Amino acid sequence: MALLQTLLLRLITTAVTLLGVAVIVFFVIRVVPGNPIAMMLPPGATAEDIANLTAIYGLDKSIPQQFLIWAGGVVQGDFGTSISLKQPVLALVLGRLPATLELSVLALGMAIVIGGAAALTGTRLRETRVEGGIDIAQGVALSVPDFLWGLMLILVFGVLVPVFQISGRVTPSLQLPFVTDFYLVESIVRLRFDLTLDLLSHMLLPALALAIPLAAIIGQLLKQSLKETMHLDYVTLARTQGYSEAKVIWSQALPNAILPTLTLVGVQFTFLIGGTVIIERLFSYEGLGNMAIDAVINRDLPLIQGIVILFAVIFTGVNLLVDLTYAALNPRLRHG
Amino acid sequence: MSFLEVRNLSARVKGGGPLLRDVSLTVQVGEVRGLVGESGAGKSMIGKAVLGILPKAVEITGGQIVLDGTDLLTLPPAVRRVKVGASCALIPQDPLTALNPSRRIGVQITDRLVDILGWTRQRAEERALALLGEVQITDPARVLRQYPHELSGGMRQRILIASAFAAEPKLIVADEPTTALDVTVQKQILKLIAALQARHGTALLFVTHDLGVVSKVCQNLSVLYAGKVVEDSDVADFFRAPKHPYSAALLAATPKYTDPSAGLQPVPDAVIAAVRAEVEHG
Amino acid sequence: MAEGRFEVRRRAGVRLWLSAAWLVLLVIVALFAPYIAPKDPLEQDLFSGRLPPFWVHGADASFLLGTDSLGRDVLSRIIFGTRIALGVAVVSASFTCVIGAALGLLAGFYRGWVDVVVSRFIDIWMAFPPVLFSILLIAVIGPGVFSIILAIVVIDWTRFARVIRAEAMAQGAMDYVASARVAGRGRFGILLREILPNVLPIIVVLLTLEMGIAVIVEAILSFVNLSISTDDPTWGGMISEGRSSIHQAWWVLVFPLVTLFLTVLSFSQLGEGLKDRFDPVLR
């Protein structure tokens, strides 16, 4: 029952936050100096265009009234129409979302595997040179943002040793039999592994760039957590029972060490998603982030608003999910 | 015939002072031997050395640990680990930290039976149930499905005792198993350990600083001071007439509940000086 | 075993000095750019376009690190780019620090509705993807150094506010504050004279880290062509041009990238090193 109450409270807080985001985006774009109409118009617009826009968006009305018009539409599922792409915002945004989601989740998976491996190896080989090396590598990986890793990966694997693709989501000449925009998932479901391979060769470098800082954070935190857990008596007891060091780390220490790492990873995952904006641009990957930058350059207000709201929804959604998972996994919270 | 024979075992802190000096003792099949001494005397270290769980900062500098005819110190770590795991068990000191908080009680008992000893899951579970009954836990089936934080300290220690005996070990090292418990519970736990030892015929190396405990449970004892064995005798003889002055002083220092007016008799300085000289130079 | 610990500490010290050395070098380069740079960074020489660095065949030794497509000297542009990078870093980090720390201190020490408002504000702010928000702000305000500084401050003040707020709360609960209150000191006085000095080390650490972040944000914004005009020599702008001509003139990308990498790394290591020095308990 308490769980339900907490859930309800969180949902209300989330709704308030999202409302706040919407308000801020809306007002920032309009309150700032500059003629809002001129900003939205492509160069060479006719008087008719101006009149149309003014009518649709109520630009002659006050700003709070404009907000209500827009919010009213949103509640009904109408996010307006993109000025630069001339299509409904919602459809455009939902169309690009799967690409970004696939990239983010792939990056998350890589970060977990790399970070986890580093932590486990560092624990198994603790107080050796290997552990020292891992510490240094993690320090560097953390100090440098995904943007720079992306550039370096482009240099090394795109130019120096060109094994992976540094541009786009998929080789343009390929015929794609997909019905959804979840290319990677669908290619696996349809057993078209040739397509899976092509998609992965395009996604690997951007995902890796996103993953490196997160892997370092996971590695550091998990290693620290494991270090503390390894001293506990139940781990020593397991050793006397005949279990090997590796087994002891894996089945006794790890399940207990993971919990504190989990919450941090959730928050960091939202940063990773934020990073897709520039990484997608860098790799010309056709996702939400790339479209966002174009929208800003083109002053496409409805599209900008739609994308920002969507990002905010994703962020708050991930936070909620992390809290729920933590509550579910912690036996103390479950059985009180 | 002896199951465990420690011969001239010496150990020290890496880059530091000695922890064990030339320690020798034996534990026969089915025997209960007490390891007594004040804090820091090294009694816990001996148990840990046998089980292979010495802290990383400690290294063995000499001697042999012969378990069932084989010197453990000559075995490669993987072989040694399995041999110890198959024939020995530990009853740890602190029941609050010796159980994994995120796993149910049942698997914590049965896992080593299945993984290390190769039993079937069913046989392991039956064994777990039986042992929980032996340590007088009511409704053992329910306890098997519970998590450690749902149980009291006393219950957790019983579970640890049951777990140790469940593996049918030939030797159990009990590392101060009652020290972390409430006084009211200590007596029960002691009785339980003694009863199970008698029933299963397991050899028991009982590490403790409490002579009272020794008198109730052990047949023989070894007294340690600063890492050296200063006396080794059977319990009855010991309490009647200890041979070493330090042992005598220890006995005298034990509070006598039957004669409260006798007060407390700390071990005299002269005795300490003498035993220290003997240990460090003898 | 003890030796391993000692080695890590020694290595940490080396890292700290190396980072500081690089940053000092950058400061010198920035201050004396006109005297150090071999050429005018804006001067175009269309006959010397895309020349490789001096050790590659076909180079012109007067352009040590080569030229870009418009014949501008890469080395000189990097040198002058240092001015922009460091200038933006110091100014924006300082403003971010002052605003964020002030709000954090007020929220953490006074608690009550001040805290509620500030915390809610922080939560909303952090729901924005930072890069997108900064790009948006620049697009709205218009390009220029001032815009970048404003964008960084507006977006990143939450980083300071959160941490300082937590610190202020922790300090506020301590005994020395209670005794100051009993002695009759006003709350604001306590905040300034007692809490602030204790929070200062963390502020310094965050400030250092923030400068590294500012350098990156400026680079990203220049990369997306939304900061200063492409004529001005920014590292980000050079990287953007280098990215598009990566196969033909790799040096246009590599050298500013390496400089940027070392700079960001140095700020980070310096910040982490300071953190270790100030708070040994954390180790």
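Predicted model, so just to flag it, every value in this text is computed and none were measured. (Residues numbered from 1 in each chain as written. Chains lettered and ligands numbered in written order. Predicted model: local features only at pLDDT ≥ 70, side-chain atom pairs only at ≥ 80, totals over all residues. Heavy atoms only, no water.)

Enquirer: How should I be thinking about the overall build of chain B in this particular structure?
Expert: Secondary structure summary: chain B contains eleven helices and ten strands in total. Taking 19 Å as the expected radius of gyration for a compact globule of 282 residues, we find that chain B reaches 19 Å, a close match to that expectation. Structurally, chain B occupies a C-alpha span of about 60 × 50 × 35 Å along its principal axes. Among the 282 residues that make up chain B, the fraction classed as buried is 49%. Counted over contacts in chain B with a minimum sequence separation of 6, partners at least 24 positions apart contribute 65%. Carbon and sulfur atoms make up 53% of the accessible area of chain B, which amounts to about 12400 Å² in all. (Helix = DSSP H or I, 4+ residues; strand = E, 2+ residues; numbered from the N terminus. Rg over C-alpha atoms; globule rule 2.2 N^0.38 Å. Buried < 20%, exposed > 50% of the residue type's maximum accessible area, 1.4 Å probe, protein only. Contact = heavy atoms within 4.5 Å. Areas by Shrake-Rupley, 256 points an atom, 1.4 Å probe, with all protein chains shown as cover.)

Enquirer: I tried to follow the overall build of chain A on my own but got confused; where do I start?
Expert: The helix and strand inventory of chain A stands at 14 helices and zero strands. The N-to-C order of helical and strand elements in chain A reads α-α-α-α-α-α-α-α-α-α-α-α-α-α. Across the 336 residues of chain A, 50% fall into the buried class. Across chain A, the fraction of contacts at a sequence separation of at least 24, relative to all contacts at a separation of at least 6, is 71%. Put simply, chain A shows about 15300 Å² of open surface, and 69% of that area lies on carbon and sulfur atoms.

Enquirer: Would you mind showing me how to read the interface of chain A and chain C here?
Expert: Interfaces are often sized by the accessible area lost when the parts come together. The partner chain C presents 40 residues to the 46 residues of chain A that form the contact. When chain A packs against chain C, the two sides together hide about 3900 Å² of surface, and 82% of this comes from carbon and sulfur. Linking chain A with chain C are three residue pairs in polar contact (both at pLDDT 80 or more), by the criterion used here. Broken down by secondary-structure element, the contributors of at least two residues to the side of chain A that touches chain C are α1 (2–31), α6 (129–143), α7 (146–160), α11 (245–282), α12 (288–297) and α13 (301–329) of chain A. Partitioning the side of chain A that touches chain C into residue classes produces 35 nonpolar, eight polar and three charged. (Buried area = accessible area lost by both parts, 1.4 Å probe. Polar contact = N/O pair within 3.5 Å; in protein donor to acceptor, adjacent residues only side chain to side chain. Nonpolar A, V, L, I, M, F, W, Y, C, P; charged D, E, K, R; others polar.)

Enquirer: Please explain the packing of helix α5 (residues 89–124) of chain A against α6 of chain A as it appears in this structure.
Expert: The packing of two helices is summarised by the inter-axis angle and the distance between the axes. Residue and element names in this part refer to chain A. For the pair α5 and α6, interaxial distance at closest approach is 8 Å and the crossing angle is 150°. For the element pair α5 / α6, the angle class is roughly antiparallel. The chirality of how α5 crosses α6 is left-handed. For the pair formed by α5 and α6, the contact residues are A118, T121 and G122 on the first element and V130, E131, I134 and Q138 on the second. For the contact of α5 with α6, the residue count by class is three nonpolar, three polar and one charged. (Axes fitted to C-alpha atoms, helices over the stretch in contact; angles between N-to-C directions. Parallel < 35°, antiparallel > 145°, perpendicular 65-115°, else oblique. Left-handed = near helix turned anticlockwise from the far one by under 90°.)

Enquirer: Explain the sheet that holds strand β3 (residues 32–36) of chain B here, please?
Expert: By way of backbone hydrogen bonds, the strands of a sheet pair with one another, either parallel or antiparallel. All names here are of chain B. Across the sheet, six strands lie side by side as β6-β7-β8-β3-β9-β10; this open sheet has mixed pairing. At either end of the open sheet lies a strand with only one pairing partner, and these are β6 (88–91) and β10 (228–234). Across the sheet, the mean angle separating the axes of adjacent strands is 15° when strand polarity is ignored. Here strand β7 (residues 171–175) pairs with strand β8 (residues 203–208) via five bridges, running parallel. The partner of I172 across the bridge, within β8, is L204. Across the sheet, helix α6 (residues 153–166) touches β6 and β7, and the angle it forms with β6 is around 175°. (Pairing = 2+ DSSP bridges.)

Enquirer: Sorry if this is basic, but what is going on with the packing of aromatic side chains here?
Expert: Where two aromatic rings form a pair, the distance of their centres and the angle of their planes describe that pair. This structure, assessed with the given rule, holds 15 aromatic pairs over all chains. Judged by centre distance (5.4 Å) and plane angle (85°), the ring pair of F238 of chain B and F239 of chain B falls under edge-to-face. Ring plane angle 90° and centroid distance 6.1 Å describe the contact between W55 of chain C and F255 of chain C, whose orientation is recorded as edge-to-face. On the criterion of sequence distance, the pair formed by W55 of chain C in the loop between α2 (33–36) and α3 (74–110) and F255 of chain C in helix α10 (residues 251–278) is long-range, its members being 200 residues apart. Among the aromatic residues, ring-to-ring pairing joins F54, W55, W250, W251 and F255 of chain C into one connected group. R169 of chain A extends its terminal NZ or CZ atom over the ring of Y183 of chain A, reaching a point 4.0 Å from the ring centre. Positioned over the ring face of W119 of chain B is R123 of chain B, at 3.8 Å from the centre of the ring. (Phe/Tyr/Trp six-rings, centres within 6.5 Å; stacked < 30°, edge-to-face > 60°. Lys NZ or Arg CZ within 6 Å of the ring centre and 35° of its normal.)

Enquirer: Just to check I follow, could you spell out the arrangement of the chains for this structure?
Expert: Out of two pairs of chains that touch, the pair holding the most contacts is chains A and C. For the non-touching pair chain B and chain C, the nearest C-alpha separation works out to 8 Å.

Enquirer: What am I meant to see in the packing of helix α5 (residues 130–141) of chain C against helix α6 (residues 145–172) of chain C here?
Expert: Residue and element names in this part refer to chain C. It is the contact of α5 with α6, at a shortest axis distance of 9 Å, that shows an interaxial angle of 140°. When the axes of α5 and α6 are compared, the pair comes out oblique. Regarding α5 and α6, the two cross each other, and that crossing is right-handed. Of the residues in α6, those in contact with P130, F133, S134, L137, I138 and I141 of α5 are S147, I148, L150, A151, V154 and I155. A breakdown of the residues in the contact of α5 with α6 according to their chemical character gives ten nonpolar, two polar and no charged.

Enquirer: What is the right way to look at the pairing of strand β1 (residues 2–13) of chain B in this model?
Expert: Side-chain positions along a regular strand alternate between the two faces of the sheet. Residue and element names in this part refer to chain B. The sheet contact formed by β1 and strand β2 (residues 18–28) spans seven bridges and is antiparallel. Looking across to β2, one finds that S2 is bridged to Q28. As consecutive antiparallel partners, β1 and β2 are separated by four residues, and within that stretch G15 has a phi angle of approximately 70°, a positive value. Alignment of β1 against strand β4 (residues 58–67), held across eight bridges, turns out to be antiparallel. For V13, the partnering residue across the bridge sits in β4 and is V58.

Enquirer: What am I meant to see in the interface of chain B and chain A here?
Expert: Opposite the 25 residues of chain B that make contact, chain A presents 20 residues. Taking both sides of the interface into account, the surface hidden between chain B and chain A amounts to around 2000 Å²; carbon and sulfur atoms contribute 57%. For the pair chain B and chain A, the interface holds one salt bridge. The closest approach of N and O atoms between K247 of chain A and D115 of chain B, which form a salt bridge, is 4.0 Å. Looking at the side of chain B that touches chain A, the elements with two or more residues in it are α2 (77–87), α3 (105–115) and α6 of chain B. It is α3 of chain B that provides the largest number of residues to the side of chain B that touches chain A, a total of four residues. (Salt bridge = Lys/Arg side-chain N within 4 Å of Asp/Glu carboxyl O.)

Enquirer: Even after reading the chapter, I still don't get the environment of S167 of chain A, so can you show me in this structure?
Expert: All names here are of chain A. Secondary-structure assignment places S167 in the loop between α7 and α8 (183–189). When its relative accessible area of 39% is taken as the criterion, S167 is described as partly exposed. Considering only alpha carbons, one finds S167 and I154, 13 residues apart in sequence, at a separation of 9.3 Å. With sequence-adjacent residues up to four places away left out, S167 is seen in contact with H202, F283 and S284.

Enquirer: What is the right way to read a nonpolar patch on the surface from this model?
Expert: Residue and element names in this part refer to chain C. Together, V24, V27, I28, L31, F32, Y35 and I36 line one region of the surface with nonpolar side chains, adding up to about 710 Å² of accessible area. If you list the elements that add at least two residues to the nonpolar patch, you get α1 (2–31) and α2. The greatest single-element share of the nonpolar patch, amounting to four residues, is contributed by α1. Counting through the fold element by element, Y35 comes out in helix α2. (Patch = residues over 30% accessible without salt bridge, like charges linked within 9 Å, V, L, I, M, F, W, Y side chains within 5 Å.)

Enquirer: Which parts of the structure should I look at to understand the sheet that holds β1 of chain B?
Expert: Residues and elements named next belong to chain B. Strands sit in the order β2-β1-β4-β5 across an open sheet of four strands; the sheet is antiparallel. If you trace the sheet from one side to the other, it starts and ends with β2 and β5 (70–71), each paired once. Each of β1, β2 and β4 is contacted by helix α1 (residues 43–51), which is oriented at about 70° to β2, the strand it contacts most.

Enquirer: What should I look at first to understand helix α10 (residues 233–240) of chain A in this one?
Expert: Residues that lie three or four places apart on an α-helix share one face, since the helix turns once every 3.6 residues. All of the buried residues in α10 of chain A are Y234, V235, L237, A238 and T240 of chain A. Positioned one or two residues after α10 of chain A, G242 of chain A has a phi angle of 115°, which is positive.

Enquirer: Is there a simple way to explain empty space enclosed by the protein in this structure?
Expert: Once rolled over the atoms, a probe with the size of a water molecule shows which space is left empty. For the structure on display, the rule yields five cavities of 30 Å³ or more. The computed volume of the largest cavity comes to approximately 160 Å³. Along the wall of the largest cavity there are 18 residues; nearest its centre are L237, Q241 and Q252 of chain A together with A98 and Q108 of chain B. Of all the secondary-structure elements, those providing two or more residues to the lining of the largest cavity are α10 of chain A together with α3 and α6 of chain B. (1 Å grid on protein atoms, 1.4 Å probe; cavity = no way out; pocket = protein on both sides within 12 Å on 5 of 7 lines; lining within 4 Å. Points joined across faces, edges and corners; volume = space filled by probe spheres on them.)

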